[in-house]
Amino acid sequence: MVISGVKINAVILVLLGLNVFIPAALGLSFSLEPQPELGQLRDFKGSELCQVAENSKHYLQSQRQDTFAVHPGKQIDDKITLKRVEDTLAFICQTYREDVRAKRHSRLHDTAFLKQHFEFVRWRPDKETATKIAGKSTNETKARMLNNIPDEEIFLTKYYTKLLDGSPVKTQHYDQALYALPEDEQGLSLAQAELQKAQLTRFRFTRQQIIAGALEKDKRAKPLVWLTEEALHDVLLQGTGVLKVDGKIRYFNVHRNNGIAYDYSIGKREQPRYWYFVETPEIMGYGHDQPSKIAIKPQVTFAGNIAELGVGKLIMVSYRDNKGQVSRLGILADQGGAFDNNLFQLDLLVDSYRGWSDYHSYNGHLPDYARAWILLLK
């Protein structure tokens, strides 16, 4: 943090009595901001924010054993409790339902109401880590965007579920499968599978080997649906596939991967990481195993560093678009390999699209960087 042009260590700020939480790395900080400038609150629905809030609260209360994600936030402030996070999520739905019953405008879109009832914890990005990753990246655009992260704003990326065509059978065009968990792992819990990983098919092959046919030869895993290789890379990157198969929309979500970490510095085709999938009734976000995953909605869901921030955080981002200053609310209810050791970025789930041009026509006005706060009920 900078006071009168001098960078001050967070520990010194605490000793001076200033309300600043200790950062994990140079540049990263979380601090209370009593009166943030928010502009218009728009581009999200209170009903869908409530649904994701309720689903996230249920996860927090039913999955206490998941210490990876169920915690108040390791980097924010040791005074925050899980109960306070749960109360924040409950208040979202309480407010939405009271407004519906009263037939009045949603107070979740009222800046004065939010400032009255929530504390705003400002999140400044971990630029040191972003710069290190940029230095190793082979993607010039990615490196430039990481190097250009402002001191006061996080990197705000957008992700979408790819709307694709698929086939129930392999064809010359649809020649790559989304595979279910291999047969030798069916019925094993995640913990049981870890103990047997040296013998299991899931850990044996890279993405490139599977694309080349490693699983087809001995029918080691069941194909759930067939798609093109380009579509496969997109679905593996995004974690969810929305596929039109024989005229019907079907949803597929990542289940378990081959144990190889995501490499932020290389492109999607070069990633050796591979995911096995499961069919689901809707788009799913974070969960320590498939049955527990949180059902999420576009425009009110963020993916981010759940390991450090904790699942279920209510987050506001604010930026300027072609209509002026905009702020919007969402829930941290999804993650991805790109967020390992990443406290400089959030990923907003926008919708389902056919491809880049489709996506860009609806979202081209959204910026690459935004101010961000974690909101907690007072």
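So, here's what we can say about the structure. (Residues numbered from 1 in each chain as written. Predicted model: local features only at pLDDT ≥ 70, side-chain atom pairs only at ≥ 80, totals over all residues. Heavy atoms only, no water.)

Brief notes about the overall build of the chain
Step number 1: Scanning the chain for helices and strands turns up eleven helices and 17 strands.
Step number 2: Over its C-alpha trace the chain gives a radius of gyration of 21 Å, about what one expects of a compact globule, namely 21 Å for 378 residues.
Step number 3: With respect to the three principal axes, the spread of C-alpha positions in the chain is 65 × 50 × 40 Å.
Step number 4: Counting across all 378 residues of the chain, residues that qualify as buried make up 53%.
Step number 5: Pairs at least 24 apart in sequence give 74% of the contacts found in the chain among residues at least 6 apart.
Step number 6: For the chain, the exposed area adds up to about 17400 Å²; of that, 51% sits on carbon and sulfur atoms. (Helix = DSSP H or I, 4+ residues; strand = E, 2+ residues; numbered from the N terminus. Rg over C-alpha atoms; globule rule 2.2 N^0.38 Å. Buried < 20%, exposed > 50% of the residue type's maximum accessible area, 1.4 Å probe, protein only. Contact = heavy atoms within 4.5 Å. Areas by Shrake-Rupley, 256 points an atom, 1.4 Å probe, with all protein chains shown as cover.)

Regarding the packing of helix H2 (residues 46-62) against helix H3 (residues 82-102)
If you want to describe how two helices pack, look at the angle between their axes and the distance between the axes.
Step number 1: For the pair H2 and H3, the least separation of the axes is 9 Å and the interaxial angle reads 150 degrees. Between H2 and H3, the interaxial angle falls into the category roughly antiparallel. The handedness of the crossing between H2 and H3 is left-handed. Counted together, Gly 46, Ser 47, Leu 49, Cys 50, Ala 53, Glu 54, Ser 56, Lys 57, Leu 60 and Gln 61 of H2 and Leu 82, Val 85, Glu 86, Leu 89, Ala 90, Ile 92, Cys 93, Tyr 96 and Arg 97 of H3 form the full contact between these two elements. (Axes fitted to C-alpha atoms, helices over the stretch in contact; angles between N-to-C directions. Parallel < 35°, antiparallel > 145°, perpendicular 65-115°, else oblique. Left-handed = near helix turned anticlockwise from the far one by under 90°.)

Digging into the packing of aromatic side chains
Step number 1: For the structure on display, the rule yields 13 aromatic pairs.
Step number 2: Consider the rings of Phe 155 and Tyr 369, whose centres lie 5.8 Å apart with planes at 35 degrees: the pair is tilted. Of this pair, Phe 155 sits in strand S7 (residues 154-166) while Tyr 369 sits in strand S17 (residues 369-377), and the two are 214 residues apart along the sequence.
Step number 3: A relative accessible area of 5% places Phe 155 in the buried class.
Step number 4: Judged by centre distance (5.1 Å) and plane angle (75 degrees), the rings of Tyr 274 and Tyr 276 are edge-to-face.
Step number 5: Exposure remark for Tyr 274: the relative accessible area of 0% places this residue in the buried category.
Step number 6: In this structure an aromatic cluster arises from ring pairing among Tyr 160, Tyr 353, Trp 356, Tyr 359 and Tyr 362. (Phe/Tyr/Trp six-rings, centres within 6.5 Å; stacked < 30°, edge-to-face > 60°.)

Examining the state of the cysteines
Step number 1: Going through the model one piece at a time under the given rule, you end up with one disulfide.
Step number 2: Note that Cys 50 is cross-linked by a disulfide to Cys 93, the S-S spacing being 2.3 Å. Between Cys 50 and Cys 93, the disulfide has an S-S torsion of 115 degrees and is therefore right-handed. Of the two residues, Cys 50 is situated in helix H2 and Cys 93 in helix H3; the sequence distance between them amounts to 43 residues.
Step number 3: By relative accessible area, Cys 50 is classed as buried at 3%.
Step number 4: Judged by relative accessible area, Cys 93 falls into the buried class, the value being 4%. (Disulfide = S-S within 2.5 Å.)

As for the pairing of strand S6 (residues 118-124)
Step number 1: For S6, a buried count of six out of seven residues is recorded, marking the element as mostly surrounded by other parts of the structure.
Step number 2: Pairing analysis gives four bridges linking strand S4 (residues 29-32) to S6, with the strands arranged antiparallel. Among the inter-strand pairings, Ser 29 is bridged to a residue of S6, identified as Arg 124.
Step number 3: Where S6 lies against S17, six bridges are found, and the strand directions are antiparallel. Across the sheet, the residue bridging to Phe 120 is Leu 375, located in S17. (Pairing = 2+ DSSP bridges.)

Quick word on the side chain of His 233
Step number 1: When you line up the elements, His 233 lands in helix H9 (residues 229-238).
Step number 2: For His 233, a relative accessible area of 2% gives the class buried.
Step number 3: If near-sequence neighbours (up to four positions away) are discounted, His 233 is found in contact with Arg 207, Ile 211, Lys 268 and Arg 269.

Considering helix H5 (residues 127-136)
Step number 1: Every buried residue of H5 is listed here: Thr 129, Ala 130, Ile 133 and Ala 134. Viewed along the axis of H5, the buried residues span an arc of 140 degrees, placing them on a single side of the element. Exposed side chains of H5 directed beyond 90 degrees from the buried face belong to Lys 132, Gly 135 and Lys 136.
Step number 2: Those residues of H5 that are buried are in contact with helix H6 (140-147). (Arc of directions from axis to C-beta.)

A word on the pairing of S7
Step number 1: In terms of burial, S7 is a largely internal element, eleven of the 13 residues being buried.
Step number 2: Taken together, the seven bridges between S7 and strand S16 (residues 345-353) define a ladder with parallel strand orientation. For Thr 157, the partnering residue across the bridge sits in S16 and is Asp 347.

A short note on unusual backbone geometry
Step number 1: In this structure, Asp 43 takes a positive phi of about 75 degrees despite not being glycine.
Step number 2: For Asp 43, the position within the fold is in the loop between strand S5 (40-41) and H2.
Step number 3: Within the chain, Gln 299 stands out as a residue other than glycine whose phi angle is a positive 75 degrees.
Step number 4: Examined against the element boundaries, Gln 299 turns out to sit in the loop between strand S12 (275-280) and strand S13 (301-303).

Remarks on the nonpolar core
Step number 1: Among the nonpolar cores identified, the biggest contains 68 residues, and Phe 118, Trp 123, Met 316, Val 317 and Leu 346 are the most heavily contacted of them.
Step number 2: For this core, the element with the most residues is S17, which contributes seven residues.
Step number 3: The contact partners of Trp 123, leaving out residues within four places of it in the chain, are Leu 28, Ser 29, Phe 30, Ile 154, Leu 309, Leu 343, Phe 344, Gln 345, Leu 346, Ala 372 and Trp 373.
Step number 4: Of all hydrophobic cores here, the second largest spans 27 residues; its members include Leu 181, Leu 215, Val 225 and Phe 252. (Core = buried A, V, L, I, M, F, W, Y, C linked by side-chain atoms within 4.5 Å.)

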